[in-house]
Amino acid sequence: MSENAEQKNGAGLSRAEIAEMLMKNFEKLPDIDQKLFSYGPLYLGGNAGLGGLIANSLYRRALNVRAARFASSLPMAVLPFLAASSLYHVAVSQPLLAGDLNCPSCSLLRGALVGVVGGGLYPILLALPLNLGLASRYGTAPLPEKGAMLRYCVDIGKPVFNKMRAVLLLQAFFGTYLGSKHFQSYTTLAHITFDQAEELHD
């Protein structure tokens with residue numbers, strides 16, 4: 001339960017009641033805060049989709065894959081987009097609107113982790129088996145035996161990971177920024193909601 005919410009109201013409201021009060025006053029936020037809260041995760045997801053396309057391109061070059069360009073690009077754009085935006089909603093946006101996330105550093109950390117994991121590591125890891133399958137199907141690169149596959153994946157993935165460091169840093173920065181701005185919006189929303197509740201109570 002949000003300490004901010006508990007301090008603002010002394011009535012011992014339930015979690016569901018606090019969430020309902022916050023949602024009712026969401027439209028009273030400044031327009032820019034509403035838009036950032038609603039569309040911010042989509043921008044993070046868009047960056048993740050772009051990272052997926054970059055990772056896919058790097059693996060295709062490493063494995064000399066030329067065929068099925070669209071078939072490999074589509075899931076590498078869509079799946080990271082959905083994963084990052086959904087993960088941010090579950091980890092940051094929803095807890096804030098429910099009054100369950102009252103720690104600014106926690107909001108920043110969650111945003112950064114979602115950016116790195118959902119928007120960076122996930123696309124890198126997802127692109128590897130996809131392009132290994134294409135390389136095997138079209139015979140564009142010699143693949144090792146099953147016992148040496150793990151080592152082969154590490155050897156292929158390491159240079160790609162090194163080239164993707166800038167994307168990981170960008171996603172971490174953007175996730176942190178988004179978490180910070182969303183917590184500021186939540187603080188404003190909490191003041192609007194519970195100051196209004198206190199005035200009605202008085």
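Residue positions are counted from 1 within each chain, in the order its sequence is given. Two thresholds apply to this predicted model, a pLDDT of at least 70 for residue-level local features and 80 or more for giving and counting side-chain atom pairs, whereas whole-chain, interface and lining totals are computed over all residues. Hydrogen atoms and water are omitted, and side-chain values are computed over all heavy atoms in the structure.

(A) Quick peek at the overall build of the protein chain. Secondary structure follows DSSP: runs of H or I at least 4 residues long count as helices, runs of E at least 2 residues long count as strands, and numbering of each begins at the N terminus. Counting its regular elements, the protein chain contains seven helices and zero strands. The order of helices and strands in the protein chain, counted from the N terminus, is α-α-α-α-α-α-α. Should any heavy atoms of two residues lie within 4.5 Å, those residues are considered in contact. Sequence separation of at least 24 residues holds for 80% of the intrachain contacts in the protein chain that already meet a minimum separation of 6.

(B) Molecular detail of the confidence of the model for the protein chain. Confidence of the predictor in every single residue is expressed as pLDDT, which spans 0 to 100. This prediction gives the protein chain a mean pLDDT of 86; 90% of its residues lie at or above 70. Within the model, the stretch residues 1-11 combines pLDDT values under 50 with 24 contacts to residues more than four positions away or in other chains.

(C) Main features of a positive patch on the surface. There is a patch of like positive charges on the surface, built from Arg61, Arg66, Arg69 and Lys163. You can see arginine 61 is positioned in helix α3 (residues 31-62). For every residue, the accessible area obtained with a 1.4 Å probe (protein chains only) is divided by the maximum for its type, and the residue is called buried under 20%, exposed over 50%, and partly exposed between those limits. Its relative accessible area of 61% is what places arginine 61 among the exposed residues. A patch consists of residues whose relative accessible area exceeds 30% and which take part in no salt bridge; residues with like charges are grouped when within 9 Å of each other, and nonpolar side chains (Val, Leu, Ile, Met, Phe, Trp, Tyr) when within 5 Å. Computed by Shrake-Rupley with a 1.4 Å probe, the accessible areas treat only the displayed protein chains as cover when residues are assessed. Just to be clear on terms, a salt bridge is a Lys or Arg side-chain nitrogen sitting within 4 Å of an Asp or Glu carboxyl oxygen. Note on charges: Lys and Arg go in the positive column, Asp and Glu in the negative column, and His and the chain ends are not counted at all. Where a charge lies is defined by one atom per residue type, namely NZ (Lys), CZ (Arg), CG (Asp) and CD (Glu).

(D) Looking closely at helix α5 (residues 104-138). A helix is expected to span 1.5 Å multiplied by its residue count minus one. Taking 1.5 Å per residue as the helical rise, α5 with its 35 residues ought to reach 51 Å, and the 50 Å between its terminal C-alpha atoms agrees with that figure. Across the chain, bend at a residue is computed as the angle between axes fitted to the seven residues ending at that point and the seven starting from it. Maximum bend of α5: about 35°, positioned at tyrosine 122, with proline proline 123 one to four residues after it. Glycine 139, located one to two residues past α5, shows a positive phi value of around 60°.

(E) How the structure looks around the environment of alanine 68. By the secondary structure assignment, alanine 68 is in the loop between α3 and α4 (69-97). We classify alanine 68 as partly exposed; its relative accessible area is 24%. The spacing of alanine 68 and leucine 134 is 66 residues in sequence and 7.9 Å in space, taken between C-alpha atoms. In contact with alanine 68, not counting residues within four places along its chain, are Arg60, Leu134 and Tyr138.

(F) Looking closely at the side chain of glutamine 171. Inspection of the secondary structure assignment puts glutamine 171 in helix α7 (residues 165-201). When near neighbours in sequence (up to four residues on either side) are disregarded, glutamine 171 contacts Leu44, Asn47, Ala48, Gly115, Val116 and Gly119.

(G) Quick peek at unusual backbone geometry. With a phi close to 60°, asparagine 64 is a non-glycine residue in the positive phi region. If you trace the backbone, asparagine 64 turns up in the loop between α3 and α4. With a phi close to 55°, alanine 68 is a non-glycine residue in the positive phi region.

(H) Region of the structure containing the side chain of histidine 182. Turning to its location among the elements, histidine 182 is positioned in helix α7. Residue classification places histidine 182 among the buried positions, given a relative accessible area of 0%.

(I) Structural context of the packing of aromatic side chains. Aromatic rings from Phe, Tyr and Trp, with only the six-membered ring used for Trp, were paired whenever their centres fell within 6.5 Å, and each pair was classed as stacked if the ring planes differed by under 30 degrees, edge-to-face if by over 60, and tilted otherwise. Following the criterion strictly, the structure yields two aromatic pairs and no others. Their ring planes at 80° and their centres at 5.8 Å tell us that phenylalanine 26 and phenylalanine 37 sit as a pair that is edge-to-face. Here phenylalanine 26, found in the loop between α2 (15-24) and α3, pairs with phenylalanine 37, found in helix α3; they are 11 residues apart in sequence, far enough to count as distant. Judged by its relative accessible area of 7%, phenylalanine 37 falls in the buried class. Centre to centre, the rings of phenylalanine 183 and tyrosine 186 are 5.7 Å apart; their planes meet at 50°, and the pair counts as tilted. Residue phenylalanine 183 and its partner tyrosine 186 are located together in helix α7, separated by three residues, close to a single helical turn. Residue classification places tyrosine 186 among the buried positions, given a relative accessible area of 1%.

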